[in-house]
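Read off the chains here:
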Amino acid sequence: MKKGTDIALAKQFLAAGELVAIPTETVYGLAANGFNTDAVLKIYKAKNRPAFNPLILHVADVEAAAPLTKIFSEKAKILAQKFWPGPLTLVLPKSDLVPDIVTAGNDTVAIRVPNHDLTLELLKTLHFPLAAPSANPSGYISPTEADHVLQQLGEEVQYVLDGGKCSVGIESTIVKVADDKVFILRLGGLSLEKIEAVVGKTETIINTEITEAPGMLVSHYAPKAKVIIGNIASNIAKYRGNKIGVLSFAKGILSDDIVCTIDLSPKGDTDEAARNIFAYLRKLDERHLDIILTEFIPNEGLGRAVNDRLQRAAAERS
Ligand code: TXA
Ligand code: MG
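Residues numbered from 1 in each chain as written. Chains lettered and ligands numbered in written order. Predicted model: local features only at pLDDT ≥ 70, side-chain atom pairs only at ≥ 80, totals over all residues. Heavy atoms only, no water.

As for the packing of helix 11 (residues 270-285) against helix 12 (residues 303-314)
Then, number 1: For the pair helix 11 and helix 12, interaxial distance at closest approach is 8 Å and the crossing angle is 30 degrees. The angle between helix 11 and helix 12 places the two elements in the roughly parallel class. Our pair here, helix 11 against helix 12, has a crossing hand that is left-handed. Contacts between helix 11 and helix 12 involve Thr270, Ala273, Ala274, Ile277 and Phe278 from the former and Gly303, Val306, Arg309 and Leu310 from the latter.
Then, number 2: Here the contact of helix 11 with helix 12 is composed, by residue class, of six nonpolar, two polar and one charged. (Axes fitted to C-alpha atoms, helices over the stretch in contact; angles between N-to-C directions. Helix = DSSP H or I, 4+ residues; strand = E, 2+ residues; numbered from the N terminus. Parallel < 35°, antiparallel > 145°, perpendicular 65-115°, else oblique. Left-handed = near helix turned anticlockwise from the far one by under 90°. Contact = heavy atoms within 4.5 Å. Nonpolar A, V, L, I, M, F, W, Y, C, P; charged D, E, K, R; others polar.)

This is the structure we're talking about:
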């Protein structure tokens, strides 16, 4: 079996420079020894990931993170102490221990302590950090279950550490602390409200990679079907004749003109919508639809990150 809960086996593969998928509270990661350049190269190849897009290093605790950084500022420490383990990635000046291939040549490194028992146990037994992007082919929907990884990267991984369904369901929030200012680089599983309650007002510079490679990664998290955001009822009428699926939020949609409909959260809970969004986009995609109709959800809490993912899933592919 390629999936299971054998931490010793996962460790054995990782120590040998192989790829292992790991569960986290956000999404599954495609992990390799972050100090081993050849192993990290396998991640880029397996995902078909552009070489300019850096990876996150996963460690067991703040103590393991410190040597990977040159400066761990006071504000960064406050965030780490408050939110690790958890869905927060900190971008900090990198130390010489971190290979350039991990940071794609940047002088900063992204680090996080994931909040998942199996993976924390694994990290504690390792003598190296785990470089891990989300375990999906570059540009496709992120995996929130072990089987999602096997479906798409089953050939590339030696083993999937099976930690069940991800409890948060959407990637970590990426935060850069520079000159004592806090910048949000990616909306994610830790809400802006929670971060600002601790460090005050933040500035948002969403997805730096886009400015570094214009247009390249605007489309992301994309199913094969075309995603269209807007009033669902009127779009059903507009696109009649196509094979339509609906991804709604807190509303039942009934129509003879649609193939299927799934609700992100019938009770209107943005956390539940985050937990469901990737698995539901996958379910809809399995129906071989022409179009997925959806609407933005309330822009608060994890709703912001859900809306960000919807927008990218709907973006034109280059
Ligand atoms: O929740 C998560 O963060 C998951 C789990 C597996 O931990 N990982 C994840 O990795 O989402 P990935 O590779 O799919 O997304 C990492 C993001 C990319 O957008 C990358 O550009 C950004 O982190 N990133 C990595 N290093 C960076 C750096 N030094 N400066 C700015 N952005 C960075
Ligand atoms: Mg990803």
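Some remarks on helix 2 (residues 37-47)
Residues that lie three or four places apart on an α-helix share one face, since the helix turns once every 3.6 residues.
Then, number 1: Within helix 2, the full set of buried residues consists of Ala39, Val40, Ile43, Tyr44, Ala46 and Lys47.
Then, number 2: Looking at the buried side of helix 2, the elements it contacts are strand 3 (29-33), helix 5 (100-103), strand 7 (130-131) and helix 7 (146-153).
Then, number 3: The N-capping residue of helix 2, defined by a side-chain oxygen 3.0 Å from the backbone nitrogen of Asp38, is Asn36. (Buried < 20%, exposed > 50% of the residue type's maximum accessible area, 1.4 Å probe, protein only. Polar contact = N/O pair within 3.5 Å; in protein donor to acceptor, adjacent residues only side chain to side chain.)

Topic: the site of ligand 1
Then, number 1: The full set close to ligand 1 counts 23 residues, and Thr26, Arg49, Asn53, His58 and Ser172 are the nearest of them.
Then, number 2: Taking Arg186, its side chain carries an N or O atom lying 2.9 Å from an oxygen atom of ligand 1.
Then, number 3: Against a free-state accessible area of 680 Å², the protein chains account for coverage of 94% of ligand 1.
Then, number 4: The element contributing the most residues to the shell around ligand 1 is strand 6 (residues 108-112), with three residues.
Then, number 5: The class makeup of the residues in the shell around ligand 1 is ten nonpolar, eight polar and five charged. (Near = heavy atom within 4 Å. Areas by Shrake-Rupley, 256 points an atom, 1.4 Å probe, with all protein chains shown as cover.)

Thoughts on the environment of Val20
Then, number 1: On the secondary structure map, Val20 appears in strand 2 (residues 20-22).
Then, number 2: By relative accessible area, Val20 is classed as buried at 0%.
Then, number 3: Each C-alpha atom of the pair Val20 and Ile43 lies 9.9 Å from the other, and the pair is 23 residues apart in sequence.

Any link to function would need more than the numbers given here.
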